[in-house]
Amino acid sequence: MKFGKPASKEELESIDLNLPEDHPDTPKNLAKGNKSVEVYVGCAKWGRKEWVGLIYPPKTRDKDFLKHYVKNFNSIELNTTFYSIKKENVESWTAQAPEGFKFCPKFSRSISHLKRLNDDSKRFTDYFLEAAYSFDDKLGPAFLQMPNNYTPKYLDRLAGYLQDIPEDFSMFIELRHPDWFSDPVVYDETFHMFEEYGRGAVITDVATRRDVLHQRLTNTKAFVRFNGYDFHPTDFTRMDQWVEKDQILDRKRP
(Lines give C-alpha, C1' and ligand atoms only; values in the text may rest on other atoms or scores of the structure.)
Protein backbone atom coordinates (compact mmCIF):
# COMPACT_ATOMS: atom_id res chain seq x y z
CA MET A 1 0.00 0.00 0.00
CA LYS A 2 1.54 3.28 -1.14
CA PHE A 3 0.08 6.55 0.07
CA GLY A 4 1.55 9.97 0.77
CA LYS A 5 4.69 11.37 -0.82
CA PRO A 6 7.80 9.16 -0.85
CA ALA A 7 10.03 9.53 2.20
CA SER A 8 13.82 9.36 2.16
CA LYS A 9 15.80 7.61 4.88
CA GLU A 10 16.69 10.98 6.34
CA GLU A 11 13.05 12.09 6.40
CA LEU A 12 11.93 8.87 8.08
CA GLU A 13 14.39 9.49 10.88
CA SER A 14 13.27 13.10 11.34
CA ILE A 15 9.48 12.51 11.43
CA ASP A 16 7.75 11.76 14.71
CA LEU A 17 6.47 8.26 13.98
CA ASN A 18 5.04 7.55 17.40
CA LEU A 19 1.41 6.51 17.56
CA PRO A 20 -0.79 9.35 18.81
CA GLU A 21 -2.99 9.01 21.85
CA ASP A 22 -6.41 7.41 21.39
CA HIS A 23 -9.32 9.73 20.75
CA PRO A 24 -11.70 9.86 23.75
CA ASP A 25 -14.39 8.08 21.70
CA THR A 26 -12.16 5.04 21.20
CA PRO A 27 -12.32 3.44 24.67
CA LYS A 28 -16.03 4.26 24.84
CA ASN A 29 -16.76 2.34 21.66
CA LEU A 30 -14.35 -0.49 22.42
CA ALA A 31 -16.23 -1.11 25.67
CA LYS A 32 -19.26 -2.12 23.61
CA GLY A 33 -17.44 -5.16 22.23
CA ASN A 34 -16.20 -8.50 23.49
CA LYS A 35 -13.63 -8.79 26.24
CA SER A 36 -11.02 -10.47 24.02
CA VAL A 37 -9.20 -8.98 21.04
CA GLU A 38 -9.01 -10.86 17.74
CA VAL A 39 -6.19 -9.78 15.44
CA TYR A 40 -6.10 -10.45 11.70
CA VAL A 41 -2.92 -9.77 9.72
CA GLY A 42 -2.62 -9.78 5.97
CA CYS A 43 -1.30 -8.09 2.86
CA ALA A 44 -2.93 -6.37 -0.10
CA LYS A 45 -2.54 -9.33 -2.46
CA TRP A 46 -1.13 -12.83 -2.65
CA GLY A 47 0.31 -12.63 -6.18
CA ARG A 48 3.88 -11.72 -5.22
CA LYS A 49 6.50 -13.56 -7.27
CA GLU A 50 9.28 -12.22 -5.05
CA TRP A 51 7.87 -14.30 -2.18
CA VAL A 52 8.71 -17.55 -3.99
CA GLY A 53 11.54 -19.11 -2.02
CA LEU A 54 10.86 -16.79 0.93
CA ILE A 55 7.26 -17.12 2.08
CA TYR A 56 6.19 -19.51 -0.67
CA PRO A 57 8.12 -22.75 -1.30
CA PRO A 58 10.68 -22.71 -4.14
CA LYS A 59 9.19 -23.17 -7.61
CA THR A 60 5.64 -22.35 -6.43
CA ARG A 61 3.43 -21.73 -9.46
CA ASP A 62 1.24 -18.63 -9.73
CA LYS A 63 -1.95 -20.67 -9.45
CA ASP A 64 -0.80 -22.02 -6.07
CA PHE A 65 0.08 -18.67 -4.48
CA LEU A 66 -3.19 -18.37 -2.56
CA LYS A 67 -2.89 -21.92 -1.22
CA HIS A 68 0.43 -20.99 0.40
CA TYR A 69 -0.59 -17.46 1.36
CA VAL A 70 -3.37 -18.71 3.65
CA LYS A 71 -0.81 -20.82 5.52
CA ASN A 72 1.08 -17.69 6.56
CA PHE A 73 -1.65 -15.08 7.11
CA ASN A 74 -5.20 -15.15 8.46
CA SER A 75 -6.63 -12.37 6.27
CA ILE A 76 -6.07 -10.38 3.10
CA GLU A 77 -6.98 -6.86 2.06
CA LEU A 78 -7.89 -8.10 -1.44
CA ASN A 79 -6.91 -5.13 -3.57
CA THR A 80 -7.84 -7.07 -6.71
CA THR A 81 -11.57 -6.43 -6.13
CA PHE A 82 -10.91 -2.72 -6.68
CA TYR A 83 -10.52 -3.61 -10.36
CA SER A 84 -12.81 -6.61 -10.74
CA ILE A 85 -14.92 -8.92 -8.60
CA LYS A 86 -16.73 -11.98 -9.88
CA LYS A 87 -18.84 -14.38 -7.86
CA GLU A 88 -17.15 -17.44 -9.38
CA ASN A 89 -13.71 -16.11 -8.38
CA VAL A 90 -14.93 -15.37 -4.86
CA GLU A 91 -16.22 -18.91 -4.48
CA SER A 92 -12.92 -20.34 -5.74
CA TRP A 93 -10.84 -18.22 -3.35
CA THR A 94 -13.10 -19.07 -0.42
CA ALA A 95 -12.76 -22.78 -1.06
CA GLN A 96 -8.97 -22.51 -0.79
CA ALA A 97 -8.96 -20.70 2.57
CA PRO A 98 -9.16 -22.44 5.96
CA GLU A 99 -11.85 -21.86 8.54
CA GLY A 100 -11.37 -18.54 10.31
CA PHE A 101 -9.63 -16.83 7.40
CA LYS A 102 -11.06 -13.43 6.43
CA PHE A 103 -11.21 -11.76 3.01
CA CYS A 104 -11.50 -7.95 3.17
CA PRO A 105 -12.60 -6.85 -0.30
CA LYS A 106 -11.93 -3.35 -1.51
CA PHE A 107 -14.93 -1.60 -3.05
CA SER A 108 -14.81 -1.31 -6.82
CA ARG A 109 -13.18 1.77 -8.33
CA SER A 110 -16.33 2.17 -10.42
CA ILE A 111 -18.10 3.05 -7.16
CA SER A 112 -15.48 5.20 -5.44
CA HIS A 113 -13.32 6.74 -8.15
CA LEU A 114 -15.38 6.76 -11.33
CA LYS A 115 -18.93 7.33 -10.07
CA ARG A 116 -17.72 8.90 -6.78
CA LEU A 117 -20.72 7.53 -4.87
CA ASN A 118 -23.25 9.34 -7.07
CA ASP A 119 -26.64 7.86 -7.92
CA ASP A 120 -25.16 5.96 -10.87
CA SER A 121 -22.98 3.94 -8.50
CA LYS A 122 -25.96 1.93 -7.19
CA ARG A 123 -25.85 -0.79 -9.83
CA PHE A 124 -22.11 -1.26 -9.30
CA THR A 125 -22.70 -1.41 -5.54
CA ASP A 126 -25.43 -4.03 -5.88
CA TYR A 127 -23.11 -6.15 -8.03
CA PHE A 128 -20.22 -5.73 -5.58
CA LEU A 129 -22.34 -6.66 -2.55
CA GLU A 130 -23.80 -9.74 -4.23
CA ALA A 131 -20.32 -11.02 -5.04
CA ALA A 132 -18.89 -10.09 -1.62
CA TYR A 133 -21.61 -11.95 0.25
CA SER A 134 -20.38 -15.10 -1.52
CA PHE A 135 -17.41 -15.09 0.86
CA ASP A 136 -19.99 -16.25 3.42
CA ASP A 137 -18.42 -16.73 6.87
CA LYS A 138 -14.98 -15.82 5.47
CA LEU A 139 -16.10 -12.29 4.64
CA GLY A 140 -14.24 -9.77 6.76
CA PRO A 141 -14.87 -6.02 6.77
CA ALA A 142 -14.81 -4.46 3.32
CA PHE A 143 -13.27 -1.06 2.81
CA LEU A 144 -14.22 1.89 0.67
CA GLN A 145 -11.19 3.93 -0.34
CA MET A 146 -12.08 7.43 -1.52
CA PRO A 147 -9.77 9.25 -3.95
CA ASN A 148 -7.34 11.91 -2.77
CA ASN A 149 -9.50 14.71 -4.23
CA TYR A 150 -12.73 13.60 -2.56
CA THR A 151 -13.28 16.50 -0.17
CA PRO A 152 -15.72 17.19 2.71
CA LYS A 153 -18.03 19.04 0.33
CA TYR A 154 -19.26 15.53 -0.53
CA LEU A 155 -20.09 14.63 3.09
CA ASP A 156 -23.84 14.48 2.44
CA ARG A 157 -23.27 12.24 -0.57
CA LEU A 158 -21.05 9.94 1.50
CA ALA A 159 -23.66 9.79 4.27
CA GLY A 160 -26.43 9.01 1.79
CA TYR A 161 -24.37 6.25 0.23
CA LEU A 162 -23.60 4.61 3.58
CA GLN A 163 -27.26 4.69 4.56
CA ASP A 164 -28.05 2.42 1.62
CA ILE A 165 -25.51 -0.26 2.59
CA PRO A 166 -27.10 -3.16 4.54
CA GLU A 167 -26.47 -2.92 8.27
CA ASP A 168 -25.04 -6.45 8.41
CA PHE A 169 -22.32 -5.59 5.88
CA SER A 170 -19.21 -4.62 7.85
CA MET A 171 -17.26 -1.83 6.16
CA PHE A 172 -14.64 0.84 6.73
CA ILE A 173 -14.02 4.07 4.84
CA GLU A 174 -10.59 5.43 3.99
CA LEU A 175 -10.63 9.22 3.63
CA ARG A 176 -7.50 10.77 2.15
CA HIS A 177 -8.07 14.47 1.56
CA PRO A 178 -6.48 16.49 4.43
CA ASP A 179 -9.61 18.61 4.99
CA TRP A 180 -11.45 15.64 6.51
CA PHE A 181 -9.03 15.82 9.44
CA SER A 182 -7.87 19.45 9.61
CA ASP A 183 -11.32 21.03 10.13
CA PRO A 184 -12.52 20.08 13.65
CA VAL A 185 -16.19 20.60 12.76
CA VAL A 186 -15.98 18.41 9.65
CA TYR A 187 -13.92 15.83 11.50
CA ASP A 188 -16.42 15.46 14.33
CA GLU A 189 -19.46 15.49 12.05
CA THR A 190 -17.96 12.81 9.82
CA PHE A 191 -16.93 10.48 12.63
CA HIS A 192 -20.20 10.91 14.49
CA MET A 193 -21.95 9.93 11.27
CA PHE A 194 -19.78 6.81 11.02
CA GLU A 195 -20.65 5.93 14.60
CA GLU A 196 -24.37 6.43 13.98
CA TYR A 197 -24.29 4.14 10.94
CA GLY A 198 -22.04 1.53 12.57
CA ARG A 199 -19.21 2.14 10.11
CA GLY A 200 -15.50 2.57 10.78
CA ALA A 201 -12.77 4.85 9.47
CA VAL A 202 -9.61 3.20 8.19
CA ILE A 203 -6.52 4.11 10.20
CA THR A 204 -3.65 4.59 7.76
CA ASP A 205 -0.13 4.44 9.17
CA VAL A 206 2.01 6.24 6.60
CA ALA A 207 5.06 8.32 7.50
CA THR A 208 4.26 11.44 5.48
CA ARG A 209 0.56 11.77 6.42
CA ARG A 210 0.22 11.47 10.18
CA ASP A 211 -3.23 13.12 10.10
CA VAL A 212 -4.78 9.91 8.79
CA LEU A 213 -3.40 8.04 11.81
CA HIS A 214 -6.41 9.32 13.72
CA GLN A 215 -6.80 6.63 16.43
CA ARG A 216 -10.53 7.28 16.56
CA LEU A 217 -12.73 4.19 16.58
CA THR A 218 -16.43 4.54 15.85
CA ASN A 219 -17.34 0.92 16.62
CA THR A 220 -15.73 -2.12 18.23
CA LYS A 221 -13.29 -2.83 15.39
CA ALA A 222 -10.18 -1.24 13.89
CA PHE A 223 -8.96 -1.49 10.31
CA VAL A 224 -5.29 -0.48 10.04
CA ARG A 225 -3.43 -0.06 6.76
CA PHE A 226 0.34 -0.05 7.30
CA ASN A 227 2.77 1.49 4.79
CA GLY A 228 6.30 0.11 4.98
CA TYR A 229 9.45 1.66 3.53
CA ASP A 230 11.54 -1.21 2.17
CA PHE A 231 12.44 -2.59 5.60
CA HIS A 232 13.77 0.70 6.94
CA PRO A 233 14.40 0.31 10.72
CA THR A 234 11.44 2.59 11.45
CA ASP A 235 9.15 0.02 9.82
CA PHE A 236 9.91 -2.35 12.68
CA THR A 237 9.67 0.21 15.48
CA ARG A 238 6.31 1.37 14.11
CA MET A 239 5.06 -2.21 13.93
CA ASP A 240 6.25 -2.86 17.48
CA GLN A 241 4.05 0.03 18.62
CA TRP A 242 1.00 -1.62 17.08
CA VAL A 243 1.78 -4.90 18.84
CA GLU A 244 2.10 -3.05 22.13
CA LYS A 245 -1.16 -1.16 21.52
CA ASP A 246 -2.99 -4.42 20.87
CA GLN A 247 -1.73 -5.78 24.17
CA ILE A 248 -2.76 -2.60 26.01
CA LEU A 249 -6.26 -2.63 24.50
CA ASP A 250 -6.66 -6.28 25.42
CA ARG A 251 -5.84 -5.48 29.05
CA LYS A 252 -8.11 -2.43 29.13
CA ARG A 253 -11.25 -4.20 27.93
CA PRO A 254 -13.88 -4.54 30.66
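Residues numbered from 1 in each chain as written. Predicted model: local features only at pLDDT ≥ 70, side-chain atom pairs only at ≥ 80, totals over all residues. Heavy atoms only, no water.

Chemist: Which parts of the structure should I look at to understand the overall build of the chain?
Modeler: Within the chain, the regular secondary structure consists of ten helices and eight strands. For 254 residues, the compact-globule estimate of 2.2 N^0.38 gives 18 Å, and the chain sits close to it at 18 Å. For the C-alpha atoms alone, the extent of the chain along its principal axes is close to 55 × 45 × 40 Å. In the chain, which comprises 254 residues, the share counted as buried stands at 46%. Restricting the contact set of the chain to residue pairs at least 6 apart, pairs at least 24 apart contribute 75%. With the model as given, the accessible surface of the chain reaches about 13800 Å², and the carbon-plus-sulfur share is 50%. One finds the centroid of the 38 positive side-chain charges in the chain at a distance of 6 Å from the centroid of its 40 negative side-chain charges. (Helix = DSSP H or I, 4+ residues; strand = E, 2+ residues; numbered from the N terminus. Rg over C-alpha atoms; globule rule 2.2 N^0.38 Å. Buried < 20%, exposed > 50% of the residue type's maximum accessible area, 1.4 Å probe, protein only. Contact = heavy atoms within 4.5 Å. Areas by Shrake-Rupley, 256 points an atom, 1.4 Å probe, with all protein chains shown as cover. Lys, Arg positive; Asp, Glu negative; His and termini not counted. Charge placed at Lys NZ, Arg CZ, Asp CG, Glu CD.)

Chemist: Looking at this model, I keep getting lost on unusual backbone geometry. Mind explaining?
Modeler: Leaving glycine out, the prevailing phi sign among residues is negative, and the prevailing peptide bond configuration is trans. At L117, a position not held by glycine, the phi torsion is positive, near 65°. Following the sequence through the fold, L117 ends up in the loop between α5 (109-114) and α6 (122-132). Look at L117 and you get buried, because its relative accessible area is 4%. Here the phi dihedral of D136 falls at roughly 55°; this positive angle occurs in a residue that is not glycine.

Chemist: Got a minute to help me understand the nonpolar core in this structure?
Modeler: If you look at soluble globular proteins, the nonpolar side chains tend to sit buried side by side. If you look at the biggest cluster of nonpolar residues, it comprises 56 residues, and the most contacted ones within it are W46, Y69, F103, F107, L144, L158 and F169. Among the elements of the structure, α3 (65-69), α4 (87-96), α6, β4 (142-145), α7 (155-163), β5 (171-174), α8 (179-182) and α9 (184-197) are those that each provide at least two residues to this core. Residues L19, L30, I203 and W242 belong to the second largest nonpolar core, which totals six residues. (Core = buried A, V, L, I, M, F, W, Y, C linked by side-chain atoms within 4.5 Å.)

Chemist: How do you make sense of α4 when you look at a structure like this?
Modeler: For an α-helix, 3.6 residues make a turn, and residues three or four places apart therefore share a direction. Among the residues of α4, those classed as buried are V90, W93 and T94. With its buried residues spanning 100° around the axis, α4 presents them on a single face. Opposite the packed face of α4, turned more than 90 degrees from it, sit the exposed residues E88 and A95. Packing partners of the buried residues in α4 comprise α3, β3 (102-103) and α6. (Arc of directions from axis to C-beta.)

Chemist: Is there a simple way to think about the packing of aromatic side chains in this case?
Modeler: Centre-to-centre distance and the angle between the planes together describe a pair of aromatic rings. Counted by the stated rule, this structure contains 21 aromatic pairs. Their ring planes at 15° and their centres at 6.4 Å tell us that W51 and Y69 sit as a pair that is stacked. Of this pair, W51 sits in the loop between β1 (42-43) and α3 while Y69 sits in helix α3, placing them 18 residues apart in sequence. W51 gets classed as buried once you look at its relative accessible area, which sits at 12%. On the accessibility criterion, Y69 (0% relative accessible area) is buried. Each member of the aromatic cluster is reached from another via a ring pair, and the members are W46, W51, Y56, F65, Y69, F73, W93, F101, F103 and F135. Here the guanidinium or amino end of K106 rests over the ring plane of F82, the centre of that ring lying 4.2 Å away. One Lys or Arg, R216, reaches over the ring of Y187 and ends 4.8 Å from the middle of that ring. (Phe/Tyr/Trp six-rings, centres within 6.5 Å; stacked < 30°, edge-to-face > 60°. Lys NZ or Arg CZ within 6 Å of the ring centre and 35° of its normal.)

Chemist: Help me understand the sheet that holds strand β2 (residues 75-76) in this model?
Modeler: One open sheet holds the three strands; their spatial order is β1-β2-β3, and the pairing between them is parallel. Lying at the two open borders of the sheet, with one neighbouring strand each, are β1 and β3. Note that β2 and β3 share two bridges and pair parallel. Among the inter-strand pairings, I76 is bridged to a residue of β3, identified as F103. (Pairing = 2+ DSSP bridges.)

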